[in-house]
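Fold and contact review
Letter by letter, the chains look like this.
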Amino acid sequence: GLFSAPKGGADTLLPNIDEHLAKGEEGDIVTRSIVCCKDGKALEMPPPPQPTPPKPKKAPAAKKEVAPPDPFKESMTKALTITGASAGVLGMGMGCAGSPAMLANLGTFTLAGAAGYQVVWGVAHALHTPLMSVTNAISGTTAIGGLMLLGTDNIGVNLLAGSAVVVSAVNIVGGFVVSQRMLDLFKKPDVPEHSHLLLAPGAMLVAAPFMDSSLVPATGVISSLLCIGSIGALANMKTAFGGAYMGMSGVAGGLAATLAAMPPAALPAAGALMAVGGAGGAVVGKQVSPMALPQTVAAFHSLVGLAAMITSIASHMLHPNAGSMHLGASILGDYIGGVTLTGSLVAFAKLNGNMASTPMNLPGKNLINAGMLAAQLGLGASFLSTGGMAELVATAALSSAMGVHLVGSVGGGDMPCCITILNSYSGWALVAEGFLLDSPTLTAVGSLIGFSGAILTKIMCDAMNRDIMNVIFGGISVPAKKPGAIEEAPKVHIEASVDSAAATLAAAKSVVIVPGYGMAVARAQQTVADLANALRAGGVQCRFGIHPVAGRMPGQMNVLLAEAGVPHEWVLE
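These lines cover the structure that appears in this document, whether it is placed above or below. Note that the structure is predicted; figures quoted are calculated from it, not measured.

1. Describing helix H9 (residues 216-233)
Under the 1.5 Å per step criterion, the end-to-end length of H9 is 25 Å for 18 residues, consistent within 8% with the ideal 26 Å. For H9, the full list of buried residues reads Val216, Thr219, Gly220, Ser223, Ser224, Leu226, Cys227, Ile228, Ser230, Ile231 and Ala233. Among the structural elements, helix H4 (100-121), helix H5 (128-138), helix H8 (200-211), helix H10 (237-260) and helix H17 (440-463) are those in contact with the buried residues of H9.

2. What to know about unusual backbone geometry
Backbone geometry at Asp438 places phi at a positive 55°, although glycine is not the residue there. With respect to the element layout, Asp438 can be found in the loop between helix H16 (415-437) and H17. One non-glycine residue, Arg523, lies in positive phi territory at about 55°. Position of Arg523 relative to the elements: it lies in the loop between helix H20 (517-522) and helix H21 (525-537). Residue Arg523 is classed as exposed on the basis of its relative accessible area, which comes to 56%.

3. Quick look at the pairing of strand E3 (residues 510-513)
Residues of E3 alternate between two faces, with Val511 and Ile513 buried on one and Ser510 and Val512 left unburied on the opposite face. Across 4 bridges, the pairing between E3 and strand E4 (residues 541-545) is parallel. What sits directly across from Ile513, in E4, is Phe544.

4. Some points on the packing of helix H12 (residues 293-318) against helix H15 (residues 389-408)
Closest axis-to-axis distance for the H12/H15 pair is 11 Å, and the angle between their directions is 175°. When the axis of H12 is compared with that of H15, the two are roughly antiparallel. For the pair formed by H12 and H15, the contact residues are Met309, Ser312, Ile313, His316 and Met317 on the first element and Met389, Leu392 and Ala396 on the second. The class makeup of the residues in the contact of H12 with H15 is 6 nonpolar, 2 polar and no charged.

5. Some words on the sheet that holds strand E5 (residues 571-572)
Judged by pairing direction, the sheet is parallel, and its 3 strands sit side by side in the order E3-E4-E5 without closing on themselves. Edge positions in the sheet fall to E3 and E5, since each of these pairs with one other strand and no more. When E4 meets E5, the two strands line up parallel, connected through 2 bridges. Bridge pairing in E5 links Gly545 to Leu572. Relative to the sheet, H21 contacts E3 and E4, its axis offset from that of E4 by approximately 150°.

Rules of the game
- Residues numbered from 1 in each chain as written.
- Predicted model: local features only at pLDDT ≥ 70, side-chain atom pairs only at ≥ 80, totals over all residues.
- Heavy atoms only, no water.
- Helix = DSSP H or I, 4+ residues; strand = E, 2+ residues; numbered from the N terminus.
- Expected span 1.5 Å × (residues − 1).
- Buried < 20%, exposed > 50% of the residue type's maximum accessible area, 1.4 Å probe, protein only.
- Contact = heavy atoms within 4.5 Å.
- Pairing = 2+ DSSP bridges.
- Axes fitted to C-alpha atoms, helices over the stretch in contact; angles between N-to-C directions.
- Parallel < 35°, antiparallel > 145°, perpendicular 65-115°, else oblique.
- Nonpolar A, V, L, I, M, F, W, Y, C, P; charged D, E, K, R; others polar.

Everything listed here is a matter of coordinates, which is why it stays silent on function.
So this is what it looks like as structure tokens:
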């Protein structure tokens with residue numbers, strides 16, 4: 001009954017066992033391994049199976065030998081670069097022929113550009129974020145262009161110029177408030193600091209042009225020098241605290257020199273416009289959190305682009321029959337301002353989470369960029385020959401579309417580079433405005449920001465192993481994603497528990513913490529600072545290693561750690 005089925009199965013099982021044993025080494029190894037005797041005789045057990053042999057390791061690929069630098073090639077590259085730059089300046093000189101003011105501006109442009117090129121190389125990586133914020137605030141001198149166009153009989157010009165003054169004032173005050181807040185985070189409570197005394201030259205510059213109108217040009221020169229010194233002061237922590245105050249003094253002097261040369265009837269309107277914009281900038285600057293600094297700087301950049309664009313249009317409305325250099329400056333200011341305006345807004349939206357951080361990657365994106373550039377060149381040629389307002393308006397629309405596509409085609413991880421290149425664009429917009437309005441101050445400040453922003457972009461692209469041309473031209477070397485493309489498989493990772501991490505830290509003698517954007521998103525800087533303090537209290541040497549472009553803006557990690565009270569001496573770069 002109950003055991004009949006198992007007993008019945010033995011008739012099949014036992015013959016199978018006998019068959020496997022009779023085959024010897026060819027029999028089933030499992031059967032031969034579990035049967036140890038038969039017919040009263042011990043059976044020899046088979047040896048255990050050998051493990052699967054590992055796959056042979058591939059021989060490491062031979063490293064490519066890096067050829068030593070070719071002295072001739074290096075010298076030729078330098079010679080061609082200098083020759084090209086000289087040819088460009090000579091071409092600008094031909095356009096300035098017959099205008100002493102334009103020729104003086106050309107000299108100012110080249111000398112200020114050389115100064116900006118030199119000073120930015122020495123800026124510490126930890127201070128890149130304050131540097132960006134200070135240069136952004138200084139670029140608010142687009143207000144000078146708006147002020148120079150106020151007080152005319154043309155209502156359209158006054159509306160555009162007034163709008164430029166308001167948005168520029170937002171940028172100036174908001175930018176300096178944010179800059180000073182960031183620099184204050186690096187201050188030590190036990191170290192006296194009196195950099196605010198550097199506002200004294202600013203007070204003198206504000207008073208001088210109103211006391212004697214002949215001091216207006218000299219005031220502009222000193223203001224430009226202070227702006228250059230402001231960037232130079234941000235090279236290290238010892239002098240950085242005065243950098244923002246020097247910038248404030250320079251911008252204040254430039255604005256005062258402009259106001260002193262304006263018609264007295266226009267001063268009340270100018271003061272009111274600047275007060276409204278400045279109040280708005282102060283509110284924004286005081287409310288922004290350190291976490292939101294990258295997108296705030298991007299948003300401020302957009303204001304500079306808007307001011308440059310509408311000032312260029314307003315100036316041409318006021319001087320429709322100007323010479324070729326004026327026309328060229330008008331179309332360039334309009335174009336660069338439009339790209340800066342919308343490109344900065346896209347960068348803000350990506351950093352703020354309003355847009356996906358993935359690249360836009362439209363099919364045929366390089367052809368789209370080439371087509372828009374060709375159309376812009378056509379508009380520029382037509383404008384230089386006819387001086388028509390329609391070309392300026394079309395340029396504003398086309399350049400705005402280009403800004404959206406160029407920055408939108410760059411991924412969120414490359415936004416730090418985009419912010420610096422947009423900062424450089426704002427400087428070139430100021431240069432165009434300076435030539436447009438015969439303003440040496442605008443030309444000097446714009447050249448300073450343009451060149452320094454370009455060099456900072458190069459530094460960042462090298463640090464991130466990015467192609468600078470890919471960033472400038474909207475991901476030109478990144479192919480558009482094909483429909484139905486297979487996503488890459490997830491990478492293998494190793495997880496660690498909290499307990500194992502704590503044990504590892506406790507047993508260590510030296511710890512280097514490498515923070516990144518994850519710390520910023522989690523707002524964990526205070527927790528990380530507490531961990532560092534606990535390790536140091538336990539005799540562990542704890543330091544921080546920060547990549548130059550960690551986070552979404554160069555120096556953002558330094559600012560966040562400073563907010564949490566981490567001394568900058570603990571931070572390695």
